[in-house]
Every structure is written in C-alpha cells, then in structure tokens.
Amino acid sequence: MEEVILGTKNVVKKFNRLVVLDNINLDIKRGRIFGIIGISGSGKTTLLNTLVGFYRPTKGHVEYNGKRIDRNVTDVRRDFGFATQNNSFYPKLTVYENLRYFGTLYGLSEKTIKTNIQRILPLLGLDKERNIIAENLSGGMQKRLDLACALVNYPKVLILDEPTEDLDSRLR
C-alpha cells in the first residue's frame, strides 16, 4: 500500500462568513504528482496555502507524514518548496543572491547552499543570469527564478501554484 505523505481531514476554511473550502478530504501519496484544477475563485490557492501552513483551517486539519502540520510546522518549512502564483523573490537582489537568501531561510549550511545553487542554475537555464538583478529578468526568467527559490532546499514536497504560467514550453 502506498504511503500518504500529505493529506487533509475535513478541512473547512472561512474568511469571515465566506466559506472557501468546505469539508476537503484528500490523500496525496509519496512519489505522486497531484494536480488541483478548477475555475478561477474556486479555492485552489487557498487550499495550497492551507497545505503549506500559511493558513490554518477553520475546521479540520492537514497532515504531513502522519503528523498534523499545525503542530509540526518546522517539518513543513524544512521539507516543502512552494512557488506561489505571484513572485516570491526579491527584485533588487541578483539571481544568485536570491537563491542564497532562500537557502538560509531553509536553514541550509553555506556549503549545501552553494552546491544546490550550482545544480539548480543550469537545471532551470539560469546559469548565465546568476549575476543579473531579478527585476531585470524577463517574465519567463523571473518565473524560473521563483521555481529555483522553491527548489533550493531540494524539497521532499514541491507545491506549485499556477506552475506553467509565464514558462516557455521547454521548461514546462
């Protein structure tokens, strides 16, 4: 039987009286790719923010590796990579500086950060842009940088909100 790595149990999320998530139950198995598809405004981003612990459910809970994330947020922060639909990087920093900074946020050692950056830059086609200020990158390159920031810790769980928006067909 496949192990569940991430799941929700009867999750409800309300903003004031507006119910955005209503009794959501899901199990995501280790090693699987899982997609959430829905119309604009259907709660996809709210669900993703709840999965990573940015939002607390109004009712129910989220589990990661069998533990409730509201009680084990450090596991989530260490093991997850999250690329939001809006850029998370710092526009005034270079590509390299952004990756280094995000590596420190994950608590990685300086040696691990350098090693991971050396692997990620060519993987995402950013090796020639390493010293370019992020705000000077094209929209597609900014999306690649955002992805790189989510990958710098080599996460066990990668969550992407609108993952193909602004990406060229090769990287998709």
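Quick caveat, the model's predicted, so the values are computed rather than measured.

**Q** Help me understand the sheet that holds strand β2 (residues 18-29) in this model?
**A** Neighbouring strands of a sheet are bound in pairs by backbone hydrogen bonds; such pairs are parallel or else antiparallel. Spatially, four strands are ordered β2-β1-β3-β4 in an open sheet, and the strand pairing comes out antiparallel. The open sheet is flanked by β2 and β4 (67-68), the only strands paired with a single partner. Across two bridges, the pairing between strand β3 (residues 59-64) and β4 is antiparallel. In the sheet register, Y64 faces β4, and the bridge partner there is K67.

**Q** Sorry, what's going on with the confidence of the model for the protein here?
**A** Close reading of the predicted structure is inappropriate where its pLDDT is low. Within the protein, residue pLDDT values average 90, and 91% of them lie at 70 or more. For the protein, per-element mean pLDDT is lowest for helix α2 (residues 73-79), which scores 75, and highest for helix α4 (residues 110-123), which scores 97.

**Q** Can you help me understand the nonpolar core in this one?
**A** One recurring pattern in soluble globular proteins is that nonpolar side chains are buried together. Counting 21 residues, the largest nonpolar core has L99, I117, L124, L126, L145 and V152 as its most contacted members. At six residues, helix α5 (residues 139-151) tops the list of elements feeding residues into this core. Residues L6, L21, L48 and F80 belong to the second largest nonpolar core, which totals 18 residues.

**Q** I keep staring at the side chain of N49 and nothing clicks. Help me out?
**A** By secondary structure assignment, the location of N49 is in helix α1 (residues 44-51). Ignoring sequence-local partners within four residues, the contact set of N49 consists of F54, Y55 and F82.

**Q** Whenever I open this one, the packing of helix α3 (residues 95-105) against α5 confuses me. Can you help?
**A** Describing two packed helices takes the angle between their axes plus the distance from one axis to the other. Contact geometry of α3 with α5 gives a least axis separation of 8 Å together with a crossing angle of 25 degrees. One finds that α3 runs roughly parallel with respect to α5. Our pair here, α3 against α5, has a crossing hand that is right-handed. In this structure, α3 contributes V95, N98, L99 and F102 to the contact, and α5 contributes L145, A148 and C149. Of the residues belonging to the contact of α3 with α5, the class tally is six nonpolar, one polar and no charged.

**Q** I keep staring at α3 and nothing clicks. Help me out?
**A** For an α-helix, 3.6 residues make a turn, and residues three or four places apart therefore share a direction. The set of residues buried in α3 consists of V95, Y96, N98, L99, F102 and G103. When α3 is viewed along its axis, its buried side chains cluster within an angular range of 160 degrees and face the same direction. Of the surrounding elements, those touching the buried residues of α3 are α4 and α5. Looking one or two residues past α3, G107 carries a phi angle of roughly 75 degrees, positive in sign.

Procedures and definitions
Residues numbered from 1 in each chain as written. Predicted model: local features only at pLDDT ≥ 70, side-chain atom pairs only at ≥ 80, totals over all residues. Heavy atoms only, no water. Pairing = 2+ DSSP bridges. Helix = DSSP H or I, 4+ residues; strand = E, 2+ residues; numbered from the N terminus. pLDDT = per-residue confidence, 0-100. Core = buried A, V, L, I, M, F, W, Y, C linked by side-chain atoms within 4.5 Å. Buried < 20%, exposed > 50% of the residue type's maximum accessible area, 1.4 Å probe, protein only. Contact = heavy atoms within 4.5 Å. Axes fitted to C-alpha atoms, helices over the stretch in contact; angles between N-to-C directions. Parallel < 35°, antiparallel > 145°, perpendicular 65-115°, else oblique. Left-handed = near helix turned anticlockwise from the far one by under 90°. Nonpolar A, V, L, I, M, F, W, Y, C, P; charged D, E, K, R; others polar. Arc of directions from axis to C-beta.

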